[in-house]
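# Coordinate inspection notes
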Amino acid sequence: MCKQQISDNELVALFIKGDENALQNLIIRHEKKVYTSIYLLVKDSDLANDIFQDTFIKVINTLRNGNYNEEGKFLSWVLRIAHNLTIDHFRGQKRMPMAYDTEEYSIFDTLPLMDSNIEDRIINKQIQSQVRQLIEKLPFDQKEVVIMRHYGNMSFKEIAEATNVSINTSLGRMRYAIINLRKIIQDNSLQLSAD
Amino acid sequence: MNTICTLNDLIAYLYNDTPLLKTVEIQKTIDNNEEVAELYQDMIAISKALDELLIAPEKCVSESIMHYARITAPY
């Protein structure tokens, strides 16, 4: 049977029964979304890797202890754990981290690119770099909603519950994020589409 | 903007988070209002760019997680 076609909840059930390959499949399936969501908040690759590892260790322990009772999406649940661990980190620090990529090296340089054409690769790289910079300019609460919606596939209702605000507030934060991004794009005459 | 379509409505529509009747209303507004249509196209482009921005963790981190899973396996 091809495990790519197995649902997340089926993989979870297999892992609880002792199939470690099921866990590996879950990690491979979701690692980029989980890691990106952490990285965009903490802006430090070492710290993001640490929180990513802590997130999945918590996932493993929770699954084995029989405390996973999510009827819905596995990814949303993992994203909530990652989000809580990130917030715990900020609370421990009592400030936002101030870590940035160096000019010589950016973690975005390691992004896999889909197009084989060199020109497309360059354009994609520029776009990814621009998008990263744009997201970094957003206030934390707007960035949080963008991450949960885009990388956690969470509904606005789920985001509202995870962040203890109303659905209208989470919609409003996304609205401000998108409008802010649009304004920054227009002010800087940026072109997002590579088409 | 048309009074039946707020910016929050447009955001919810962008993310397929509107009930059917509202979806029809918003689609009509987009079809009939150039300003809203232009804004919506920009929103789609931003949303697409955000979706494509994915970074992988270091391989050794995933390996460490699997190692932890193996050494703590209760079976």
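Quick caveat: nothing in here was measured; it's all calculated off a predicted structure.

Residues Asp46, Asp50 and Asp54 of chain A together with Glu58 of chain B make up a contiguous surface patch of negative charge. Summarising the element assignment, Glu58 of chain B is placed in the loop between helix H3 (34–52) and helix H4 (59–71). Taking relative accessible area as the criterion, Glu58 of chain B reaches 39% and is therefore assigned partly exposed.

Below, the discussion takes up the pattern of salt bridges. All names here are of chain A. This model, assessed by the stated rule, comprises 10 salt bridges over all chains. Of the charged contacts in the structure, one is a salt bridge between Arg29 and Asp8, with a shortest N-O distance of 2.6 Å. Linking Arg29 in helix H2 (residues 20–42) with Asp8 in helix H1 (residues 8–16), this pair joins segments that are 21 residues apart in sequence. Accessibility expressed as a relative area gives 27% for Arg29, which makes it partly exposed.

This part is about the interface of chain B and chain A. At the interface, 36 residues of chain B touch 50 residues of chain A. Contact between chain B and chain A buries roughly 3,900 Å² in total, counting both sides, with carbon and sulfur atoms accounting for 68%. Inspection of the region where chain B meets chain A yields 2 salt bridges. Of the charged contacts in the structure, one is a salt bridge between Asp42 of chain B and Arg182 of chain A, with a shortest N-O distance of 2.6 Å. In this structure, the connection of chain B to chain A is made through 14 residue pairs in polar contact (both at pLDDT 80 or more). Counting residues per element, the ones that place at least two in the side of chain B that touches chain A are helix H1 (7–14), H3 and H4 of chain B. It is H3 of chain B that contributes the most residues to the side of chain B that touches chain A, 12 residues altogether. Residue composition of the side of chain B that touches chain A, by class: 23 nonpolar, 5 polar and 8 charged.

Procedures and definitions
- Counting restarts for each chain: residues are numbered from 1 in the order of the written sequence.
- Naming scheme: in the order in which they are written, chains are lettered from A and ligands are numbered from 1.
- This being a predicted model, a pLDDT of at least 70 is required before a residue's local features are given, and a value of 80 or more before pairs of side-chain atoms are given or counted; all residues contribute to the totals for chains, interfaces and linings.
- For side-chain calculations, the full set of non-hydrogen atoms in the structure is used, while hydrogens and water are omitted.
- To count toward a patch, a residue needs a relative accessible area above 30% and no salt bridge. Like charges then connect within 9 Å, nonpolar side chains (Val, Leu, Ile, Met, Phe, Trp, Tyr) within 5 Å.
- Each accessible area value is a Shrake-Rupley result obtained with a 1.4 Å probe; residue values ignore everything except the protein chains displayed when judging cover.
- Just to be clear on terms, a salt bridge is a Lys or Arg side-chain nitrogen sitting within 4 Å of an Asp or Glu carboxyl oxygen.
- For the purpose of counting charges, residues Lys and Arg are taken to be positive, whereas Asp and Glu are taken to be negative. His and the chain ends are not included.
- Here the site of a charge means atom NZ of a Lys, CZ of an Arg, CG of an Asp or CD of a Glu.
- Here a helix means four or more residues in a row that DSSP labels H or I, a strand means two or more in a row labelled E, and each is numbered from the N terminus.
- Burial status follows relative accessibility: with a 1.4 Å probe on protein chains alone, a residue under 20% of its type maximum counts as buried, one over 50% as exposed, and anything between as partly exposed.
- By definition in these notes, contact holds between two residues if any of their heavy atoms fall within 4.5 Å.
- When two parts are brought into contact, each loses some accessible area as probed by a 1.4 Å sphere; the total of that loss over both is the buried area.
- Pairing of N or O atoms within 3.5 Å defines a polar contact, subject to two protein rules: one partner must be a possible hydrogen donor and the other a possible acceptor, and residues neighboring in sequence count only if both atoms are side-chain atoms.
- Classes in brief: Ala, Val, Leu, Ile, Met, Phe, Trp, Tyr, Cys and Pro nonpolar; Asp, Glu, Lys and Arg charged; the others, Gly included, polar.

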